[in-house]
Amino acid sequence: MTLKQRRDEEAALRRQAAACSLCSSLAESRIQVVFGGGEIDADVMFVGEAPGATEDRDGVPFAGASGRLLNELLSEIGLSRETVYIANVLKCRPPDNRDPRREEVANCAHFLERQVELVEPIVLVTLGNYATKALRGEDGGITAIHGKPEQRRVGARSLWLLPVFHPAAALYRRSNLELLKSDFAEIPRLVAEGTPEQPRSPESAVIEKPPVVQSEPSDEPPQLDLF
Ligand code: SF4
């Protein structure tokens with residue numbers, strides 16, 4: 001696909017999501033669908049869990065304090081919001097910060113999968129436990145696997161999947177900040193390595209088996225014990 005075709009299809013997908021009401025309760029409670037966005041030709045794509053209250057209000061992912069920290073982390077490795085693509089597993093805010101439900105994640109998976117195929121990232125960074133489990137399609141706590149890149153496939157795209165802590169984890173537990181910085185330092189190295197030819201890890205990382213995990217800490221009420 002040409003760059004223009006990718007941009008046009010992403011815009012069409014965004015319009016489709018904006019009118020989506022597959023999850024009827026989320027469609028009723030949301031202010032807006034938070035589709036995500038950024039550079040369609042980005043080498044690096046970030047995926048979080050779901051919009052919080054600030055994201056639901058502003059319409060962009062990682063809009064609050066976590067987002068400001070994400071911006072700083074990007075800047076330290078020579079990237080910015082304008083040069084990466086950012087999305088969430090779930091495009092609508094679960095009310096009261098509750099966990100996304102399995103059927104909601106399943107309903108929404110095709111949007112994210114197509115976003116990945118259109119962006120064609122070399123590195124897909126999963127931010128936090130929830131997104132990591134959703135994209136890996138298997139259990140494995142973020143504490144054990146953060147910063148360890150894996151060759152994976154999402155939809156038709158072969159890529160490096162890099163699990164890192166959610167930025168909120170560093171806001172509420174500063175010792176995680178150094179871990180996050182160290183894990184982010186892996187990103188340029190993986191970009192330089194280029195797209196992996198074939199995934200070495202077992203299954204493709206299509207989101208077929210939504211995880212059952214606790215939500216990440218958000219910018220709203222601090223949840224100190226999740227990490
Ligand atoms: S979460 Fe996804 S699938 Fe569910 S209503 Fe929102 S856009 Fe549609």
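Right above here is the structure, for reference.
What you are looking at is a predicted structure, and each value in this text was computed from that prediction instead of being measured.

S.K.: Help me get a handle on the environment of A170, residues and values and all.
M.R.: Mapped onto the fold, A170 is located in helix α8 (residues 167–172). Exposure remark for A170: the relative accessible area of 0% places this residue in the buried category. When the C-alpha atoms of A170 and L180 are compared, they prove to be 7.5 Å apart, with 10 residues separating the residues in sequence. In contact with A170, other than residues within four places in its own chain, are L69, N176, L177 and L180.

S.K.: Which residues make up the sheet that holds strand β1 (residues 37–38), and what are the values?
M.R.: Here 6 strands make up an open sheet; going across it, the order is β1-β3-β2-β4-β6-β5 and the pairing mixed. At either end of the open sheet lies a strand with only one pairing partner, and these are β1 and β5 (150–154). Strand direction decides the pairing type here: strand β2 (residues 44–48) and strand β4 (residues 123–127), joined by 4 bridges, are parallel. Bridged to V44 within β4 is V123. The sheet contacts of helix α10 (residues 186–193) involve β2, β4 and β6 (157–164), and relative to β6 the element is tilted by about 165 degrees.

S.K.: How would you sum up unusual backbone geometry? Please name residues and give values.
M.R.: Most peptide bonds take the trans form, and the phi angle of most residues other than glycine is negative. Residue F62 is not a glycine yet carries a positive backbone phi of 55 degrees. When you line up the elements, F62 lands in the loop between α3 (53–58) and α4 (65–76). Under the relative-accessibility criterion, F62 is labelled buried at 6%. Unlike most non-glycine residues, E120 shows phi in positive territory, near 55 degrees.

S.K.: Tell me what's going on with the site of the ligand, and back it up with residues and numbers.
M.R.: The environment of the ligand is formed by C20, L22, C23, L26, R30, L90, K91, C92, N107, C108 and F111. Looking at the shell around the ligand, the element that brings in the most residues is helix α5 (residues 102–119), giving 3 residues. Class assignment for the residues of the shell around the ligand results in 8 nonpolar, 1 polar and 2 charged.

What counts and how
In this numbering scheme, every chain counts its residues from 1 along its sequence in written order. Local features are withheld for residues below a pLDDT of 70 in this predicted model, meaning they are given only at 70 or higher, and side-chain atom pairs are given and counted only at 80 or more; totals for whole chains, interfaces and linings count all residues. Note that water and hydrogens are dropped before the side-chain values are worked out from all heavy atoms of the structure. For the purposes of this entry, the term helix denotes a DSSP run of H or I that reaches at least four residues, the term strand denotes a run of E that reaches at least two, and both are numbered from the N terminus. Note on exposure labels: buried denotes an accessible area under 20% of the residue type's maximum, exposed denotes more than 50%, and partly exposed covers the range between, all computed with a 1.4 Å probe on protein chains only. Should any heavy atoms of two residues lie within 4.5 Å, those residues are counted as being in contact. We call two strands paired when DSSP finds no fewer than two bridges between them. Helix axes are fitted only over the stretch in contact, all axes being lines through C-alpha atoms; the angle between N-to-C directions runs from 0 to 180 degrees. Consider each residue's heavy atoms; a residue with any of them within 4 Å of a molecule or strand counts as near. Residues are sorted three ways: Asp, Glu, Lys and Arg are charged, Ala, Val, Leu, Ile, Met, Phe, Trp, Tyr, Cys and Pro are nonpolar, and all the rest, Gly among them, are polar.

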